[in-house]
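# Chains, contacts and geometry: an overview
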Amino acid sequence: MSIFINKDTKVITQGITGKTGQFHTEKCQEYANGKNCFVAGVNPKKAGESIFNIPIYASVKEAASNTGATVSVIYVPPAGAADAIWEAVMAWVAERLMSKMEAAAAGSTTHLAALEAMFMSHVDFVIEHPGVPRMMFGEMQRAEPTAAKRMAQTLMQRYGEMLCQRLKQGQDEGEIAVDINVQAAATLFIGSIQGLVMQSMLSGDISKIRQAAPGVFAIYLRGISCITNIASIKGAR
């Protein structure tokens, strides 16, 4: 197992105000570069406060976005441990996936090319982190409502809003057919990736998603585009 932390890693303490969280955070600060590493704590009821000169935030997502932290340690009662772990995982997934897609789109000269870049960057994210969709699919199959489901729904809402904005801009600039329902187009975009992920999981080779993705997106593109020459879209990237 590889260890992806070093002396410069920024760390969040979930449950920092509890007895155990306080004890271990304080001791870690006393060791080596600990004072610089521990940059945030999480306790929804004490957001805005601080402890050991460490700011406290309401959520892992807020803590990570404000401090650049990439690691979380969890000191919460057993009954809340699973939700705390899922919060940390989903905050990481949301931040990495969305920033990856936004960066990919930023280098495109047309909205259609940006959509393709976003599609392929999501595919690459899945290949790099194959455990993420497996965990999410497993959790979403549970019948009861869970914190993980709520977090996944929040991520999908944010994802959908980003797609709808891009699709609407494409319509305004004459790249995307004006009679296309942008909500439906966003749903199909996400659903196409989910279908690719499921097929690759069934085949047992997650890398196959990369081979099939360009063809799937080409079909999607033909359905929404005002431009009949698809090659011209690719040339605009």
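Residues numbered from 1 in each chain as written. Predicted model: local features only at pLDDT ≥ 70, side-chain atom pairs only at ≥ 80, totals over all residues. Heavy atoms only, no water.

## Focus: the pattern of salt bridges
In the structure shown here, the tally under the stated rule is five salt bridges. For the salt bridge of Asp 8 with Lys 7, the shortest nitrogen-to-oxygen distance reads 3.4 Å. Each member of the pair, Asp 8 as well as Lys 7, is classed as exposed. For Lys 27, the salt bridge goes to Glu 30, with nearest N and O atoms at 4.0 Å. Taken together, the residues span about one helical turn, with Lys 27 and Glu 30 both in helix α1 (residues 19-30) at a distance of three residues. Relative accessible area serves as the criterion here: at 42%, Lys 27 is assigned to the partly exposed category. (Salt bridge = Lys/Arg side-chain N within 4 Å of Asp/Glu carboxyl O. Buried < 20%, exposed > 50% of the residue type's maximum accessible area, 1.4 Å probe, protein only. Helix = DSSP H or I, 4+ residues; strand = E, 2+ residues; numbered from the N terminus.)

## What about helix α7 (residues 147-172)?
When the terminal C-alpha atoms of α7 are compared, their 38 Å separation across 26 residues agrees well with the 38 Å that a helix rising 1.5 Å per residue should span. The first or second residue beyond α7 is Gly 174, which carries a positive phi of 80°. (Expected span 1.5 Å × (residues − 1).)

## Overview of the pairing of strand β2 (residues 38-42)
Where burial is concerned, most of β2 is hidden: five out of the five residues are buried. Relative to strand β4 (residues 54-57), β2 is paired through two bridges, and the arrangement is parallel. If you follow Val 42 over to β4, its bridge partner there is Tyr 57. (Pairing = 2+ DSSP bridges.)

## Looking at the packing of helix α4 (residues 78-106) against α7
Closest axis-to-axis distance for the α4/α7 pair is 9 Å, and the angle between their directions is 15°. Classed by the angle they form, the pair α4 and α7 counts as roughly parallel. With respect to the hand of their crossing, α4 and α7 are arranged in right-handed fashion. On α7, the residues touching Asp 83, Trp 86, Glu 87, Met 90, Val 93, Ala 94, Leu 97, Met 98, Met 101, Glu 102 and Ala 105 of α4 are Ala 147, Ala 148, Met 151, Ala 152, Leu 155, Arg 158, Tyr 159, Met 162 and Arg 166. For the contact of α4 with α7, the per-class residue count stands at 15 nonpolar, no polar and five charged. (Axes fitted to C-alpha atoms, helices over the stretch in contact; angles between N-to-C directions. Parallel < 35°, antiparallel > 145°, perpendicular 65-115°, else oblique. Left-handed = near helix turned anticlockwise from the far one by under 90°. Contact = heavy atoms within 4.5 Å. Nonpolar A, V, L, I, M, F, W, Y, C, P; charged D, E, K, R; others polar.)

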